[in-house]
Amino acid sequence: WRAIPKKEVVCVMAEPAALASTSSPELVATAPAASSFGRRWGPAAQKGGAAGSIEGSAVDGTGEASMSDLKSIRRVVVWFRNELRAADNPLLGRAAAVCRASGAPLVAVFCMDPSCFGESVTTPFGSPKVGRLRRTFVEDSVEDFRTSLKAAGVKLLICDAAPEVALPALAGIGAVVFASSEACPEEADCERRVAIALQSAGASLELLDSGGITTIFGDVELKAAGLELGHSFPEDFKVYYSAVKDRVEGLCRQLPSVDAELSSRCAEVATLQQISEDFLEALPPVVALRRRVDGQAAVVVEKATPGLISAAVGPSILGGETQALARMRAWLNAGGIGRYKATFRHLLGDYASRLSPHLAMGCLSPRRLAVEALRAAAASGNAGSHHIEHFVYELCWRDFFRHAARRWGCSLFKVGGPLGAAVASRSVPASPRMWRRDAEAERRWKDGLTGLPLVDAAMRELKAIGYIGNLARQFVASYLVEDRAVDWRVGADWFEATLLDYDPHSNWGQWARTAGVVPTNEAKRQRVGGTRYFDIALGHGGGQAARYIRAWVPELASVPDESLFAPWQRGGDLAGYPKEPLCSPDLRRYFEHALARLAGKGGGKQGGRGPKGEQSGWGRKGGGQGKGAGY
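Just so we're clear, the structure is a prediction, and the values are computed from it rather than from any experiment.

### A few points about the environment of Ala 370
Within the secondary structure layout, Ala 370 lies in helix H20 (residues 366-379). Between the C-alpha atoms of Ala 370 and Glu 249, which are 121 residues apart in sequence, the distance is 7.8 Å. Ignoring anything within four residues of it in the chain, the contact list for Ala 370 reads Ile 216, Val 248, Cys 252 and Leu 395.

Okay, structure coming up:
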C-alpha cells in the first residue's frame, strides 16, 4: 500500500517501455508502443485482431483500420473511476466512437472495491481508508452519473468487487476496456492487475491520456509546451507554470457550451447498442452487481453541530455532475471569480468555488471549470484581472501535482519523499530533518483538541463536513509538521480519509511540500514557513478568526475575544476544552501575544525549543509549503 515504506509497490509509468523493469513478463510481452491517445494492453496487441486493431485506428483519427477488425470487437467496456460526468468526457466519447464503428454494445462500470470502500478497511496509520463523508460523496456522484446515463438509455453497473475481478467477467473474450490512466502507484498497480486479468480472459485494456479527462494538460499538450514527461518532468512548479500559463485559455476555449455538450453527448450514447437484462442476469456472483446506490446528502449543515455552523460553513457540498454544474454557475453568477484572490484564503462563508471535490471525482472537468471562469471574468469586466489569473494558477497547481506524481512514483509516499530519493542517489545534499510518531499529538490533532483554538476549529470543520479551505489546510499542516515534528504522512493519511476532494496527487504532493521533502525552488522555500499562515488568518478583518473559532469550538462561548486565541491564560473551567495547549513554548507565546501584535503593540516570532528539545519550526524559514486545494 502507498503508505508502507517497507513494501515496494509495483509502478506502471506513463510509457509502456517502463514496464520492462517493474511488471510481469506476461504483461510486458504484449505492451505495444504508446500512441498520443492511449496505450493498449492485451493479447490482440501482439497477435492482431480485435484489441490490437484499435490502436492508431480511424476511430481516434491517427490512422486507419479495416471494418472487419472493428467488427471483431464483441463488447466495449468503460471503467469509470474519477470521470463521473457526461459532459466534456473524452473517455465516454472514445468508447462511444468505438461502439459506433464496431456495432458492439456499451457496458459502463464503476467498481466499489471492498479493499478501498469497505467500512472496516483502515490504513497502516489507522485511519479509515475512505471516511464516511467521502464515501457518501462518492456514492452521490455515482448515483447522479447513473441517472444521467440512464436518461440516455445506458446502464451504469456498480459492482462491489475489485476491478480485476469484475471487469474480466463483464468483458469476456474479444472485448476492449477503456479507462483513463492514473499516475500514483496504488492506482497504476490496479491498472496492471486489471490488464493481466483481462488478458487471461481474452480481452484488453486501453488507457487514455489524462488530458481533458482529469487534467487540463495531457501529454500531447505538455510536449507542445516544451516540457519533458515522466522522470524528466520539472519538479519546480515555477518552470511548469511558465511553460503552460499562456496556453490554458486557448486550449479550454475550444469547448462548446456545457448545455450543448451535454445534449450532444446524451444524443450520441442514446444511439448505441445497449446490454440486455439477460446479460445482467447471467453475470457470475463475483461481479457483485449492486442494483442501486444508497447515497444521501453528503453534508447536512444544520445537523452537523449547533450554533453558527450554517453561516460558517457556506454552501453545502453535494456529489454529482448536476450539483457541480449548479454550484459552478451559482458561484460565477454571484461574482465569485471577480473577488477570488481577495477571498480564497478566508475562513468563513462563500469564499471559494468549493468545486475541488467535484474535480476530484470528475463530476466537472478542469477544462470546463477554467473556461467557464474565463468567460465569466470576461463578461464581468474582469478579464486579465489578478482574480482570474490566480484562479487559473491554482488549477495549474492541481495539474502539476498529477504530472509530477508520475516522476516521483513510490517516493512520494515514503517518509523521505522525492527529496529523500534524490539524497539516496546523491543528486542533492542530505537534510537533517527528523520525523517522529506521537500518539497523543496525532489523536488530539485529528479530534480538534490541541488546545490551540484556531487549529481545533479547522480540524473540527474537516471532521464535520469533509472540507476546509486553502488557508486552514496550510496552518493545520504547519502545526503538525513544524511544531510537533510528527511524520508528515500521518497528516496526509488523515486528509485522505476525511477530505471530500481527496486525490492522491494533490493531497500527498501538498503534504510532501509542507514537510519539505520534495525539491522546490529556493525563493519559494525562503518565502514561507514559521507562523506565516497563522498571521494571514489572524489578519483577516472583522474578527473573522474569532468568529471561526466560536462557530466550531462551542466550549469557548464564554471566553472573551481578548483571550480566545490563548484561553489557557484565563484559567478556570473551559467546559471540557483542554486547559493547556499541546505546542512548543514558541507557538504558545505567539498566540498569547496575538491580539497585541494585531493592534501593533508588539509580539512576534522568536526561536524556541520544540518537542523533546528539538528546534521549533516557529521563527525559522520552513520547508516550503505547497498550494492548498479547496478552490
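### Quick word on the pattern of salt bridges
Applying the stated criterion across every chain, the model contains 36 salt bridges. Residue Glu 164 pairs with Arg 193 through a salt bridge whose shortest N-O separation is 3.0 Å. Here Arg 193 lies in helix H9 (residues 185-200) and Glu 164 lies in helix H8 (residues 163-171), a separation of 29 residues in the sequence. The partly exposed category is assigned to Arg 193, whose relative accessible area is 29%. A salt bridge links Glu 235 to Arg 407; its shortest N-O distance comes to 3.1 Å. Of this pair, Glu 235 sits in the loop between helix H10 (219-224) and helix H11 (237-244) while Arg 407 sits in helix H21 (residues 386-408), and the two are 172 residues apart along the sequence. Residue Glu 235 is classed as buried on the basis of its relative accessible area of 18%. A network of salt bridges, in which partner residues are shared, links Asp 88, Arg 368, Glu 372 and Arg 375.

### Topic: the packing of aromatic side chains
Under the criterion given, the structure shown has 27 aromatic pairs. Ring centres of Tyr 241 and Tyr 393 lie 5.1 Å apart, and the angle between their planes is 85°; this geometry places the pair in the edge-to-face category. One end of the pair, Tyr 241, is in helix H11; the other, Tyr 393, is in helix H21, and 152 residues separate them in sequence. Three or more aromatic residues joined by ring pairs form one cluster here, namely Phe 233, Phe 237, Tyr 240, Tyr 241, Tyr 393, Trp 397, Phe 400, Phe 401 and Trp 408. If you follow Arg 81 out to its NZ or CZ, it ends over the ring of Trp 79, 4.2 Å from the centre. Sitting over the ring of Tyr 351, Arg 354 keeps its end group 5.3 Å from the ring centre.

### Looking at the side chain of Asp 399
Within the secondary structure, Asp 399 sits in helix H21. No salt bridge forms around the buried Asp 399; measuring N to O, its nearest opposite-charge neighbour Arg 398 is 4.5 Å away. A polar atom in the side chain of Asp 399 sits 2.8 Å from the backbone nitrogen of Phe 217. The residues contacting Asp 399, other than those within four sequence positions of it, are Thr 215, Ile 216, Phe 217 and Tyr 240.

### Considerations on the packing of helix H25 (residues 470-483) against helix H29 (residues 532-539)
Between H25 and H29, whose axes approach to 8 Å, the crossing angle comes to 135°. As the angle between them shows, H25 and H29 are arranged oblique. At the point where H25 passes H29, the crossing takes the left-handed sense. Here Leu 471, Gln 474, Phe 475 and Ser 478 of H25 come into contact with H29, specifically with Tyr 533, Phe 534, Ile 536 and Ala 537. Tallied by class, the residues present in the contact of H25 with H29 amount to six nonpolar, two polar and no charged.

### Topic: the confidence of the model for the protein
Here the protein averages 82 in pLDDT, while 77% of its residues score no lower than 70. Counted against residues more than four places away or in other chains, residues 43-66, with its pLDDT under 50, gives 53 contacts. Between residues 295-308, whose pLDDT stays under 50, and residues either more than four places distant or in other chains, the model counts 27 contacts.

### Observations regarding H20
Between its first and last C-alpha, H20 extends 20 Å over 14 residues, near the 20 Å set by a 1.5 Å rise per residue. For H20, the buried fraction is high: 11 of the 14 residues fall into the buried class. Of all the positions in H20, only Pro 366, Arg 367, Arg 368, Leu 369, Ala 370, Val 371, Glu 372, Ala 373, Leu 374, Ala 376 and Ala 377 are classed as buried. Next to the buried residues of H20 lie H10, helix H12 (248-252), helix H13 (258-270), helix H17 (321-333), helix H19 (356-361) and H21. Gly 381 lies just past H20 and shows a positive phi near 80°.

### What about the packing of helix H26 (residues 488-498) against helix H27 (residues 504-514)?
Two numbers describe how H26 lies on H27: the axes approach to 9 Å, and their chain directions differ by 155°. Classified by the interaxial angle, the pair formed by H26 and H27 is roughly antiparallel. Handedness of the H26/H27 crossing: right-handed. Contact residues: H26 offers Trp 488, Arg 489, Gly 491, Ala 492, Asp 493, Phe 495 and Glu 496, while H27 offers Asn 507, Trp 508, Trp 511 and Ala 512.

Criteria and thresholds
- Residues numbered from 1 in each chain as written.
- Predicted model: local features only at pLDDT ≥ 70, side-chain atom pairs only at ≥ 80, totals over all residues.
- Heavy atoms only, no water.
- Helix = DSSP H or I, 4+ residues; strand = E, 2+ residues; numbered from the N terminus.
- Contact = heavy atoms within 4.5 Å.
- Salt bridge = Lys/Arg side-chain N within 4 Å of Asp/Glu carboxyl O.
- Buried < 20%, exposed > 50% of the residue type's maximum accessible area, 1.4 Å probe, protein only.
- Phe/Tyr/Trp six-rings, centres within 6.5 Å; stacked < 30°, edge-to-face > 60°.
- Lys NZ or Arg CZ within 6 Å of the ring centre and 35° of its normal.
- Lys, Arg positive; Asp, Glu negative; His and termini not counted.
- Polar contact = N/O pair within 3.5 Å; in protein donor to acceptor, adjacent residues only side chain to side chain.
- Axes fitted to C-alpha atoms, helices over the stretch in contact; angles between N-to-C directions.
- Parallel < 35°, antiparallel > 145°, perpendicular 65-115°, else oblique.
- Left-handed = near helix turned anticlockwise from the far one by under 90°.
- Nonpolar A, V, L, I, M, F, W, Y, C, P; charged D, E, K, R; others polar.
- pLDDT = per-residue confidence, 0-100.
- Expected span 1.5 Å × (residues − 1).

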